[in-house]
Amino acid sequence: MAGKWRGTFKRVHRCWRIADMMALWIAFLVMTVLAASIVLIPIWRRRQLDTGLGGGDIAVYADQLKEVDRDVKLGLIGPSEAEAAKTEISRRILRADESSGAVTVNGSKRAHLLVGAIILLAMPAITIGIYLDLGSPSMTDQPLAARKTTALEQQSPEDLIARLDERLATNPDDLKGWDVAGPIYARMGRYADAVTAFQNAIRLGGSDARREAGLGEALTANAQGVVTSEARAAFERASALEPNLPLPKMYLALALSQDGRLADSVAAWKAVIATGRGYEPWVKAARKELETVEAELAKETGSQIQPVPGSGGASGPAVTGPSMIQSMVQRLRERLDTEGGTPEEWARLIKSYLVLGRTGEAKVTYEKARAAFETNQAASAELMLLVGGLDMPQ
Amino acid sequence: MIVEIGHYALVLAFALALVQSVVPIWGSKTRDASLMAMAVPGALGQFLFVAIAAASLIYAHVQSDFSVVNVVENSHSLKPLLYKITGVWGNHEGSMLLWVFILALFGALVALFGRNLPRTLKANVLAVQAWIASAFYLFILMTSNPFQRVWPAPMEGNDLNPVLQDIGLAIHPPLLYLGYVGFSISFSFAIAALIEGRIDAAWARWVRPWSLAAWIFLTLGIAMGSYWAYYELGWGGWWFWDPVENASFMPWLAGTALLHSAIVMEKRDALKVWTILLAILAFSLSLLGTFLVRSGVLTSVHAFATDPARGVFILAILVIFIGGSLSLFAWRAAGLTAGGLFAPISREGALVFNNLFLTVSCAVVLVGTLYPLLFEVVTGSKITVGPPFFNLVFGIFISVLLVAVPLGPMLAWKRGDLIGATQRLWGAAAIAIVTLLLVWWPMAAAILPSLGVGVAVWVMAGSVVEVAHRVKLFSLPLATSLRRALGMPRSSWGMAIAHFGLGMTVLGVVAESSWNQERILVMKPGDSVQIAQYDLRLDGILHRNGPNYTENASHFSVLQGGVVVTSMEPTRRQYQARRMGTSETAISTFWFSQLYLALGEADPSGGSAVRIYWKPLVTLIWLGAIVMALGGLMSLADRRLRIGAPVPAAKSDARRRGQLTPVAAE
């Protein structure tokens, strides 16, 4: 249902964008027409135009003469001074008369048509040419208040995440922010950031089951699915705080099987399953996992020679047979082979192979990934950067 | 959409300016009234579209639209609204937009109010105005575009430099630019006159209001900038002979000279060629000022290299406009008719004296400002020309000019009587000398500052005596004098007021620089310190949160004779976005003097470094400038036409014999 609404929303939004663009260009058109027409008014109304010289020097001098009279009346200057001033001004009037022999004319209609045509063509051409070179007509206004209050769907996830990042960077003591950020970072695959977020939440808000479990999960994911000792400690704390929570117990059971303590693991899985009522999704997942571990245990006890736990990889963590981590890697590989993925996902797969000691497969995967991004330079560069930090065999 | 409309409007204004640059000139050559008339809608259209552009940029800043690079670089969503608006011109791109906005405004005003101008002159003036505008539009669009966008838009901006987050930014740049750009009108008139090859007294009449308005704004702008630096920078100084200050001071000196020489031209039809040259120089110095500041070339020639496109563009504009106009002047000036004659001792002669000293002073500042630059270009090493050079050389020239200020208005047009003028000023001289002695002897002050005070009082008293003389105070019944005072032209009042203001500023400068007191020390809560007649006690330190900063305020009580007269709170602020601190000074005014407190760094022992200044009569510096501007405004309000009525020769002989009380005709 939500997906359907989202689609409708996107369609409506796109229409809006088109309407926006049209409005913008209509505004440009109106402005251009306005500019061209006001400048052309004198040509249009050429017949009504007064072709006199306009207010000239003589008008100013005539005013000056009147001024002298007023000054005399006010007693500011004496009569003889006024006479001298008047003589001088009259002389200027005579001179101005001689020099203003030229009059203005109303130019030929043909010349005016030519000027008008040039302006009508050149002005829009210059304006639009320069604007298209410099402007960004496809960009709408983005006032901050509107960006902050628009529905989440309208905002790009990048915006939201950037806002979160910035908020946390400027307020490192924002408990609520860290609480929100942890699961988000984990879901985005930014496991190291998720670890930091959960750690900060615990630092500020104290230890609770949800935060400890989140921390454990993030630590595990950051170690390519291996429940590290640090992660285990977190799950143990979570479990102690809230014994009814199944998730930490499941990870602890997984940790046992990763350590090769398969019998203990089976017991742990059974205990977890017993706390559920039987129909919860996690119970299903736990049962499946239990089956895998039991099968492995059967294989192991069936064979005469007891292998060293963790013999699955040369230098990798203790993994025996098709454990959970192996299947995770397998699932990721299948998905990438069929659907493709981001450079980060490819790098994770390569990294997993390297951790498991399957260097040959790591190399093959690297080749495949490079082939997948052959046409995408940015992605290919990102892939090389990500893989560059790994210890790839030559 | 609004941002893009603004961008488009700016380009459209450029296109209009191109039309306005070419068509009216052609019209004036062919005497085609229609084509000449196109300048008017061109200028009005330009103003309309630049206004749209400016409004949309302000809108983007107010709305914190971080998809605009200019907003990202200079704004912050938490900034108070006022600073969101003033931040628009608190940066290079925005300030250039303000520049063209004011240019277009002046162009539109000429188009609207220049109805009594001869057709050809108006067409040419507006065309020249459009040349300047075109150059600036192109400069903005190509190298300093404030409408550049960024995608994806950041969620927050870099904030405005905290030093600029002050009411001063709201007032200072617009005033300064109104002054700078105002001189573009006188410049355009000068160029138009050179193109037409015709110039007369009527020309000066038309130019006067424009150069006067520009001068008023520039005076206020410089004073405001000085006061802003005084209280914001926290060094207690009000003028540093900094290149940026000099850049605004040079056009002011040239503009002041222009105002005075234009009077001679308007009234006596003399000094025409010289006035044209001053009009060109005043605006050239404005251009130089704008660009030297904007290009950053003053801090180092290397700033030019960091943004070569901008630097080369600036250089080209300077060369074309300053070089071009001076070449045109050299080519056409010889053809202009010479003006009326006058004796060396006359009002005209006094104004020539004024012009000589103002332009030389201006040249001194120019050399002092540009010399380090040339030195760096030639030798590659840096030197600075400091206040000692300016104070000495500029000081000498300006002192001579100040002594002469009261004499000028006492001289008659065409041929004057220096001895008579001096005699009429005996009252002013007496007041000045008594003040000098009162300062020098009982206060045991040094001789130079005492002389300075004497000159300042001489200038102020001189302008009072001049008015008294003109209205024949004491020699006629009071009622008659009053009537004469009311009938006195507003431009005469303006001159007297402006000269009085000049005296006030000089008094403030002399008193502040000679007798200011300073204490710099570390104080802890409870500590007291004495300065002048006041005791300052640090009561405590408070922590507060502002909209985009946090601050520590130190609360001081000011005591005089053991009684608290006022309290002062200098603060230190920390702005989060830029991680920058500022020191906000606290200033208390006692009559014309001020107590000035600035906080330094906090001392590890819990104390805080404090700078305390006692600045006697310091406010007179700026009050004087405001009075000068008021004088200008008074003169601007004089819509009458002015005539310098010469005194007939025979009569002035009689005057010399002492038969009549001479009148310096207005």
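Each remark here, short or long, concerns the structure printed above.
Residues numbered from 1 in each chain as written. Chains lettered and ligands numbered in written order. Predicted model: local features only at pLDDT ≥ 70, side-chain atom pairs only at ≥ 80, totals over all residues. Heavy atoms only, no water.

### A look at the packing of aromatic side chains
Residues and elements named next belong to chain B. Taken as a whole and judged by the stated rule, the model has 37 aromatic pairs over all chains. Taking 5.2 Å as the distance between ring centres and 45 degrees as the angle between the ring planes, the aromatic pair formed by Tyr-549 and Tyr-575 counts as tilted. With Tyr-549 in strand S4 (residues 549-560) and Tyr-575 in strand S6 (residues 571-575), this residue pair connects regions lying 26 residues apart in the sequence. Assessed through its relative accessible area of 14%, Tyr-549 is described here as buried. Joined through ring pairs, the aromatic side chains of Trp-215, Trp-239, Trp-241, Phe-249, Trp-252, Phe-389, Phe-390 and Phe-394 make up one cluster. Cation over ring: Arg-332 sits above Trp-331, and NZ or CZ is 5.2 Å from the ring centre. The ring of Tyr-613 has Lys-615 lying over it, and the distance from NZ or CZ to the ring centre is 4.8 Å. (Phe/Tyr/Trp six-rings, centres within 6.5 Å; stacked < 30°, edge-to-face > 60°. Helix = DSSP H or I, 4+ residues; strand = E, 2+ residues; numbered from the N terminus. Buried < 20%, exposed > 50% of the residue type's maximum accessible area, 1.4 Å probe, protein only. Lys NZ or Arg CZ within 6 Å of the ring centre and 35° of its normal.)

### Here we look at the sheet that holds strand S8 (residues 586-590) of chain B
Residue and element names in this part refer to chain B. Ordered by their spatial adjacency, four strands build an open sheet running S1-S10-S9-S8, and the pairing between neighbours is antiparallel. Two strands in the sheet have a free side with no partner beyond their single neighbour: strand S1 (517-523) and S8. The mean inter-strand angle of the sheet, taken between neighbouring strand axes irrespective of direction, is 15 degrees. Looking at chain direction, strand S9 (residues 593-602) and strand S10 (residues 608-615) are connected through seven bridges and run antiparallel. Looking at the pairing, Ala-598 lines up with Arg-611 of S10. (Pairing = 2+ DSSP bridges. Axes fitted to C-alpha atoms, helices over the stretch in contact; angles between N-to-C directions.)

### Observations regarding the side chain of Ser56(B)
Examined against the element boundaries, Ser56(B) turns out to sit in helix H3 (residues 39-62). The contacts of Ser56(B), once residues within four sequence positions are left out, are Ile2(B), Val3(B), Gly6(B) and Phe147(B). (Contact = heavy atoms within 4.5 Å.)

### Thoughts on the nonpolar core
Counting 195 residues, the largest nonpolar core has Ile119(A), Trp99(B), Tyr137(B), Phe189(B), Trp203(B), Ile276(B) and Phe291(B) as the members making the most contacts within it. By residue number, the principal contributor to this core is helix H9 (residues 201-233) of chain B, which donates 17 residues. Non-local contacts of Ile119(A), meaning those with residues more than four positions away in its chain, are made with Val39(A), Leu40(A), Pro124(A), Val19(B), Val23(B) and Met38(B). Core analysis: the next-biggest nonpolar cluster, separate from the first, contains 35 residues, Ala194(A), Val195(A), Ala231(A) and Val266(A) among them. (Core = buried A, V, L, I, M, F, W, Y, C linked by side-chain atoms within 4.5 Å.)

### Focus on the environment of Leu292(B)
All names here are of chain B. For Leu-292, the position within the fold is in helix H11 (residues 272-295). The buried category is assigned to Leu-292, whose relative accessible area is 7%. Taking the C-alpha atoms as reference points, Leu-292 and Leu-315, separated by 23 residues in sequence, lie 9.8 Å from one another.

### Some points on unusual backbone geometry
Note: most peptide bonds trans; most residues except glycine with negative phi. Residue and element names in this part refer to chain B. At Asp-159, a residue that is not glycine, the phi angle is positive and equals roughly 75 degrees. Its location among the elements puts Asp-159 in the loop between helix H7 (119-143) and helix H8 (167-196). Judged by its relative accessible area of 0%, Asp-159 falls in the buried class. At Trp-591, a position not held by glycine, the phi torsion is positive, near 55 degrees. If you trace the backbone, Trp-591 turns up in the loop between S8 and S9.

### Here's the deal with the pairing of S9(B)
Residues and elements named next belong to chain B. A large share of S9 lies buried, amounting to eight of its ten residues. Relative to S9, S8 runs antiparallel, the two sharing five bridges. Residue pairing for S9: Ser-588 is matched across the bridge by Leu-595. Where S8 folds back onto S9 in an antiparallel hairpin, the turn is made up of two residues, including Trp-591, whose phi is positive at roughly 55 degrees.

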